[in-house]
Amino acid sequence: MKKLKIFALLFLCLLVLANGISVEAAEEERYGGTLIFPLAYGSPGYLDPAEVTRVEGEIITSNIFDRLVRIDPETLTPVPLIAESWDVSDDGLEYTFYLHEGIKFHDGSELTASDVKFSFERVMNPDESLNTDLLHNVEGAREFRDGESDYISGIEVINDYEIKLTLESLDVDFLLTVARRGSEIVPEEAVTELGDDFSDYLIGSGPFKFVSWIEGAAAELEAFDDYFRGRPYLDRLIFRDMEEAAARVPSFLAEEIDFDIVFPAQFEIYAEDPVHGDNMVIVPELWTRHVHFNLEVEKLQDKRVRQAFNYAVDKELIIDRLVDGMAFPATGWLPESSPGFNPDLVGYDYDPEKAASLMEEAGYSPDNPLELEIFGTTSPHFGVPIIEAMTPFLEEVGFDITPVQMEGATISDYRMVGDFEAYIQSHGGEISPVEYLRKHFWSGLSRSEGRWSMYENPEFDEYIELAMRTIDEEERLEYVHRAEEIIVEDAPVFFYNYSQAVGVFQPWVHGIVENPLELSLQPFENIWVDDSSPRK
Amino acid sequence: MLNILPGDAALLAGDPRAAQNPEIMDAMRARWGLDQPIHIRYATYITNLIRGDLGISYRTGNTVNRLIVLNFPPTIRIVILSFIFSTILGISLGFIAAVKHGSAADIGSMIFSIFGISAPRFWIGLMLMYYFAVNLRLLPASGLGDGSISYLILPSVTLGIPLIALLARTTRASVLDVMKEDYVRTARSKGLSERTVKFKHIFRNALISIITIAGLQLGTLLATTVIVEEVFSLPGLGRLIIRSIHRRDIPAVQGVIFVFALGFIIINLSVDLLYAYLDPQIKYD
Amino acid sequence: MKGFFKKLNLQLIIGTILVLIVALAAIFAPYIAPFDPIKDANLLFSLEAPGGEFILGTDVQGRDIFSRILFGARLSLMIGIITQSINTLIGTTLGLIAGFAGGKIDALIVNLTNMMLSIPALILALAIISAIGPNIINIFIALGFTMWTWTCRVTRAQTMAVKEKTYVESARALGSSRIRIIFRHILPNILGPIVVIATLGTASAILMEASLSFLGVGVQPPNPSWGVMMSRGREHLWTAPWYIIYPGIALVITVLGLNLMGDGLRDILDPHYKTK
């Protein structure tokens, strides 16, 4: 039975991958109504876009603020948003963006190129922002960030609707940068005027206006009538903070929420329901769940130990039992939905004997185990419960595991300063395979910019830098594969699984898109509810 | 109690590991003005407190005052709801048990009350959720929903069961005591109808000790919202405090504890005053 | 009156039996338990329903819930007894001092007690845990130093009552030292109420530990605390209700047993004491 289910899922996923289909709407779009969407991953904390570093916040802010370009969830390529078009110079270093004219912010002021410049300087200013790695490749941005200059030389306002960014070095994926978290355009005038109070008003130019956010309860947004791409269908959009998966089910069944992010333990409840079973979406997401090792900890500097960890754990069994088959065992760092996925990569199979012998070579055995503390959240899929499930496998080959349970934000604090041995987490949401690898393993980054393991390998750096500068798609992919192979061999992480997101929507909801970046990042401006909704 | 309030850097980490790490500490200190000497911080904190300013939460960027105002309504709603129905139910149960002393009703209500006191509230809550929301699908399982009262029924019952149990016991004991008193016997011997004796004399005189217990338990009720809100995912003060502890958001933790403490003190004071009013024999110097 | 007495003893008997069952389970856990509570995690058996090899079913990691409950009894009783010992020590000492010394010292201790009593123990414990972090030792601290107030109150009241008794007066007249009076004459005479409070206090300490662990600020996984087990079981309330039900029943039996025992003891040892 279980096998059958997995096959069915795989089949569905293949379908999804092949077509990138969105759920078709046969009826006529309808204006009005309220959509209630759960925040399944917990509270977002900060909502000022410069301070949003995790997807929890982006789920809300991406509806209030717009970026220069956006990622089309179906093709995973950049498409126009605030910038209606752009030019790239022949050397690939100069990007000129032509802004859509007449875009209004929620306070009625007009969005111009100086707002763009202001927003970009704001995001690179460590006093205002937690996303200061964003424009690292723009000329003068690092000097600005480090306080060595008071402007970014690579940003030039040509006129009200034209802005030019100059890069330090070639970066083929640069357009994705201005579609990424942190690159939202904020109104210069309002931000300057409001100062720290800006986070209470959150004035953007996106399809929805911010109404309120109550910590632990809900964020409320309403339609922005003057949105430059046309008013969204929904009148109101509410994000309800509902972290407990078991508690979301009765709410969904009672029609109190219009969507649910389905966790494995609840999958069958929906799948076996005659109505809801047909309204489910399953998306292989661009996220990699893994255990990150801190390579500054001496005992973890031995590659054999890290490889042994990878060989020791039967991840397929864990996925089957704890994640209900809703994930693919990871062979490397780039998930199957990534354009950089390498199907030929073997990775680490479950091989306890090999693990034990590697541990023995490194000087450990079950009688003389390597003590390892692993941080994790309460997440049943990539938190302490998973560590507990891995523990018997690991102890058999010579580890002594202590799980430490803490909040995601707390784990961030520790890894920011390197005060950890290992942690289990999920990273991702990045389309560019080059950037996804660079962001965590390139030695040019500081720890707080994302190189949590402090991994360092010049060979890897070389391939990444080559990939960044190579325009030819095939050659570029080759470098990516090489770089990933090095990462897999060096094993600065335990490659656990590539996640699949499952969602279920009420029959009256139309326009849900299978976004592999993150299922909760829906194009809410295109979503509408028909009149069978209790909140029409 | 106040000495737990001022935001010391050692407290802000919420666990000792971070407190040992100079880098986390420096970063936190600088961000929240904790690099000033402790007596100045203490003074600032107290001055702000007197002005009603509880500071700014580390994790949400909101003021703690605002967090508290936003999270206050669900908490106060379930506390009031469960207080009203638990007192009514608990007192009636205890009264019936005492008047029908030794009957099956008496024994039954006493068994219920010892269970009610012994069972952990989160377990009661989960069991109620399992039967009424998951199995029978009669009531919503969690959250505030559209704000209708049906969402508050299970949380309020969970919150109230131990209070019902305790009040039933107390009422029974004090009614039994009062029944032995001379004036009740006198009333009876004067030939007043049994009904009058029961309701007028016994009940009124037993009321004093019942009110004291009920009043003091109101404080416990408020504290238990921490558990109940967590079980039923209600966005109230109790959940705020637990989340803030997990996130090491010390200003928020301190703020909520301060508000809770203030609440308990006000409740206790009111009970004392009410007590003095009801029983003129007691004087307060 | 005789029937009344009989009924009270029934409380004590039932209570003692329940507590004994739990205590024996705790003591002999390693011999009774068919599996190791932490190490015997076999994913092949995750979330098995009760019956067969796993009497009460398994959890997500494939650990035997029955074995975990048995070892959980150890943890619960240990925490209950240790914290209550701290409480009794602090409460009795302060109560004796206050009741015996009177005057300013008494006023100071009474004020301290009232202040602590005005804030429910759960909130105080949360405040302490939030400052020092969650682990077993810190639970001892958080609960041991917050729940002594009732002991202190009762000890003080009893000491004051006993102090006026003729035998204490005469011992004092004979020139016995204060320490001697306290240990020879006062303490033995107020031991009853202290034992009653200690029994009931152990019950609330156990309940408190379970609550803190349930909230994630108490005992940390993978330790088999009943509170931790139930907090994990929430996720599976729909599909594996045994995950929550059985640890809960174990907890109810323990606390119920201690409460019944306390009530029963009170009626024998301390006949004047009325239900609070």
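Residues numbered from 1 in each chain as written. Chains lettered and ligands numbered in written order. Predicted model: local features only at pLDDT ≥ 70, side-chain atom pairs only at ≥ 80, totals over all residues. Heavy atoms only, no water.

1. Quick notes on the overall build of chain C
Then, number 1: When helices and strands are counted, chain C shows eleven helices and zero strands.
Then, number 2: The order of α-helices and β-strands along chain C, N terminus first, is α-α-α-α-α-α-α-α-α-α-α.
Then, number 3: Dimensions of chain C, computed from the C-alpha atoms along their principal axes, are close to 75 × 50 × 30 Å.
Then, number 4: Considering only contacts within chain C whose residues lie at least 6 apart along the sequence, 72% involve residues at least 24 apart.
Then, number 5: Taken as a whole, chain C presents about 11500 Å² of accessible surface, with 69% of it coming from carbon and sulfur. (Helix = DSSP H or I, 4+ residues; strand = E, 2+ residues; numbered from the N terminus. Contact = heavy atoms within 4.5 Å. Areas by Shrake-Rupley, 256 points an atom, 1.4 Å probe, with all protein chains shown as cover.)

2. Overview of the pairing of strand 8 (residues 208-214) of chain A
Residues and elements named next belong to chain A.
Then, number 1: With six bridges connecting them, strand 8 and strand 9 (residues 218-223) associate as antiparallel partners. Each residue of the ladder has a partner; that of Phe-210, found in strand 9, is Leu-221.
Then, number 2: Between strand 8 and strand 9, which pair antiparallel and follow one another directly, the connecting turn spans three residues, one of which, Gly-216, has a positive phi of 80 degrees. (Pairing = 2+ DSSP bridges.)

3. A short note on the pattern of salt bridges
Residues and elements named next belong to chain A.
Then, number 1: Enumeration according to the criterion identifies 41 salt bridges over all chains in this entry.
Then, number 2: With a closest N to O distance of 3.4 Å, Glu-525 and Arg-229 form a salt bridge. Here the residue Glu-525 occupies a position in the loop between strand 18 (509-510) and strand 19 (528-529), and Arg-229 occupies one in the loop between strand 9 and strand 10 (236-241), the gap between them amounting to 296 residues.
Then, number 3: Taking relative accessible area as the criterion, Arg-229 reaches 34% and is therefore assigned partly exposed.
Then, number 4: Residue Glu-296 is joined to Arg-447 by a salt bridge in which the shortest nitrogen-to-oxygen separation is 2.4 Å. (Salt bridge = Lys/Arg side-chain N within 4 Å of Asp/Glu carboxyl O. Buried < 20%, exposed > 50% of the residue type's maximum accessible area, 1.4 Å probe, protein only.)

4. With respect to the sheet that holds strand 7 (residues 162-166) of chain A
All names here are of chain A.
Then, number 1: In space, the four strands of this open sheet follow the order 4-5-7-6, with antiparallel pairing throughout. Looking along the sheet, the strands with just one partner apiece sit at the ends: strand 4 (83-88) and strand 6 (155-159). Neighbour-to-neighbour, the strand axes of the sheet open up by a mean angle of 20 degrees, direction not taken into account.
Then, number 2: By the bridge criterion, five bridges tie strand 5 (residues 94-99) to strand 7 in an arrangement that is antiparallel. Residue pairing across strands places Thr-96 opposite Lys-164, the latter belonging to strand 7. (Axes fitted to C-alpha atoms, helices over the stretch in contact; angles between N-to-C directions.)

5. So, the interface of chain C and chain B
Then, number 1: Taken together, the contacts link 40 residues of chain C with 46 residues of chain B.
Then, number 2: Put simply, chain C and chain B have one salt bridge between them.
Then, number 3: Asp-263 of chain C is the salt-bridge partner of Arg-169 of chain B, the closest N and O atoms lying 2.2 Å from each other.
Then, number 4: The tally of links between chain C and chain B comes to six residue pairs in polar contact (both at pLDDT 80 or more).
Then, number 5: If you list the elements that add at least two residues to the side of chain C that touches chain B, you get helix 4 (103-118), helix 5 (121-132), helix 9 (178-214) and helix 11 (242-269) of chain C.
Then, number 6: If you tally residues by element for the side of chain C that touches chain B, the top one is helix 11 of chain C, at eleven residues.
Then, number 7: Across the side of chain C that touches chain B, the residue classes break down as 27 nonpolar, eight polar and five charged. (Polar contact = N/O pair within 3.5 Å; in protein donor to acceptor, adjacent residues only side chain to side chain. Nonpolar A, V, L, I, M, F, W, Y, C, P; charged D, E, K, R; others polar.)

6. Some words on the packing of aromatic side chains
All names here are of chain A.
Then, number 1: Scanning the entire structure with this criterion turns up 32 aromatic pairs over all chains.
Then, number 2: Centroid distance Tyr-350 to Phe-393: 5.8 Å. Interplanar angle 80 degrees. Geometry classified as edge-to-face. Here Tyr-350, found in the loop between strand 13 (327-329) and helix 12 (352-362), pairs with Phe-393, found in helix 13 (residues 384-397); they are 43 residues apart in sequence, far enough to count as distant.
Then, number 3: Judged by its relative accessible area of 37%, Tyr-350 is partly exposed.
Then, number 4: The class of Phe-393 is buried, set by a relative accessible area of 14%.
Then, number 5: A ring pair is formed by Phe-420 and Tyr-423, whose centres lie 5.3 Å apart and whose planes are at 65 degrees; its orientation type is edge-to-face. Each member of the pair, Phe-420 as well as Tyr-423, is classed as buried.
Then, number 6: Pairwise contacts between aromatic rings join Phe-293, Phe-309, Phe-399, Phe-494 and Tyr-496 into one cluster. (Phe/Tyr/Trp six-rings, centres within 6.5 Å; stacked < 30°, edge-to-face > 60°.)

7. Digging into helix 13 of chain A
Residue and element names in this part refer to chain A.
Then, number 1: The terminal C-alpha atoms of helix 13, which comprises 14 residues, lie 20 Å apart, in line with the 20 Å expected from a rise of 1.5 Å per residue.
Then, number 2: The sharpest bend along helix 13 reaches about 40 degrees and sits at Thr-391, with the proline Pro-392 one to four residues further on.
Then, number 3: Here helix 13 lies mainly inside the structure; twelve of its 14 residues are buried.
Then, number 4: Regarding helix 13, the residues found buried are Val-384, Pro-385, Ile-386, Ile-387, Glu-388, Ala-389, Met-390, Thr-391, Phe-393, Leu-394, Glu-395 and Val-397.
Then, number 5: One or two steps after helix 13, the chain reaches Gly-398, where phi turns positive at roughly 115 degrees. (Expected span 1.5 Å × (residues − 1). Bend = angle between axes of the 7 residues up to and from the residue.)

8. Things to note about the pairing of strand 5 of chain A
All names here are of chain A.
Then, number 1: For strand 4 and strand 5, the ladder comprises five bridges, and the chain directions are antiparallel. Among the inter-strand pairings, Val-88 is bridged to a residue of strand 5, identified as Tyr-95.
Then, number 2: With antiparallel pairing between neighbouring strands as the criterion, strand 4 and strand 5 make up a hairpin whose turn holds five residues, including Gly-92 at a positive phi of roughly 75 degrees.

9. As for the environment of Lys-536 of chain A
Residues and elements named next belong to chain A.
Then, number 1: Secondary-structure assignment places Lys-536 in the segment after strand 19.
Then, number 2: On the basis of relative accessible area, Lys-536 is assigned to the exposed category, the value being 54%.
Then, number 3: Along the backbone, Lys-536 and Leu-234 are 302 residues apart, and their C-alpha atoms lie at a distance of 9.2 Å.
Then, number 4: Residue contacts for Lys-536: discarding those within four places in its chain leaves Arg-30, Gly-32, Gly-33, Asp-530 and Asp-531.

10. Considering a nonpolar patch on the surface
All names here are of chain C.
Then, number 1: The grouping of Leu-20, Leu-24, Ile-27, Phe-28, Tyr-31 and Ile-32 at the surface amounts to a nonpolar patch, some 640 Å² of accessible area in total.
Then, number 2: Mapped onto the nonpolar patch, the elements with two or more residues apiece are helix 1 (2-27) and helix 2 (29-32).
Then, number 3: The element that contributes the greatest number of residues to the nonpolar patch is helix 1, accounting for three residues.
Then, number 4: Relative to the helices and strands, Ile-27 is located in helix 1. (Patch = residues over 30% accessible without salt bridge, like charges linked within 9 Å, V, L, I, M, F, W, Y side chains within 5 Å.)

11. Some words on the packing of helix 9 of chain C against helix 10 (residues 226-233) of chain C
Residues and elements named next belong to chain C.
Then, number 1: With their axes 7 Å apart at the nearest point, helix 9 and helix 10 run at an angle of 35 degrees to one another. Relative to helix 10, helix 9 is oriented so that their crossing is right-handed. When helix 9 is examined against helix 10, the residues Ala-210, Ser-213 and Phe-214 are found in contact with a partner set consisting of Gly-227, Val-228, Met-230 and Ser-231.
Then, number 2: Of the residues that constitute the contact of helix 9 with helix 10, the class distribution is four nonpolar, three polar and no charged. (Left-handed = near helix turned anticlockwise from the far one by under 90°.)

12. Description of the domain arrangement of chain A
Residue and element names in this part refer to chain A.
Then, number 1: Partitioning chain A into structural domains gives domain 1 (10-44 + 206-279 + 506-536), domain 2 (66-193) and domain 3 (284-499).
Then, number 2: The centre of domain 1, based on its C-alpha atoms, is set 29 Å off from the matching centre of domain 2.
Then, number 3: Counting residues at the interface gives 15 residues for domain 1 and 13 residues for domain 2.
Then, number 4: Carbon and sulfur atoms supply 64% of the area that domain 1 and domain 2 bury against each other, a total of about 1200 Å² over both sides.
Then, number 5: Contact with domain 2 buries area across many residues of domain 1, yet Phe-224, Phe-228 and Arg-229 alone supply 41% of it, more than any other trio.
Then, number 6: Across the contact surface, domain 1 and domain 2 share zero salt bridges.
Then, number 7: At the boundary of domain 1 with domain 2, the tally comes to three residue pairs in polar contact (both at pLDDT 80 or more).
Then, number 8: Of the residues assigned to the side of domain 1 that touches domain 2, the class counts are eight nonpolar, four polar and three charged. (Domains from an automatic or database assignment. Buried area = accessible area lost by both parts, 1.4 Å probe.)

13. Focus: the interface of chain A and chain B
Then, number 1: Chain A puts 30 residues into the contact, and the matching count from chain B is 32 residues.
Then, number 2: In total, about 2600 Å² of surface goes out of reach between chain A and chain B, with carbon and sulfur atoms giving 43% of it.
Then, number 3: Among the residues of chain A in contact with chain B, Tyr-46, Glu-215 and Tyr-414 of chain A are the three that bury the most area, contributing 22% of the side total.
Then, number 4: At the boundary of chain A and chain B, one finds three salt bridges.
Then, number 5: For Asp-241 of chain A, the salt bridge is made with Arg-243 of chain B, and the minimal N-O distance between the two is 3.1 Å.
Then, number 6: The interface formed by chain A and chain B holds four residue pairs in polar contact (both at pLDDT 80 or more) in total.
Then, number 7: Sorting the residues of the side of chain A that touches chain B by element identifies strand 8, strand 10, helix 8 (245-253), strand 14 (370-376) and helix 14 (408-417) of chain A as the ones contributing at least two each.
Then, number 8: With five residues, the single largest contributor to the side of chain A that touches chain B is helix 14 of chain A.
Then, number 9: Partitioning the side of chain A that touches chain B into residue classes produces 13 nonpolar, five polar and twelve charged.

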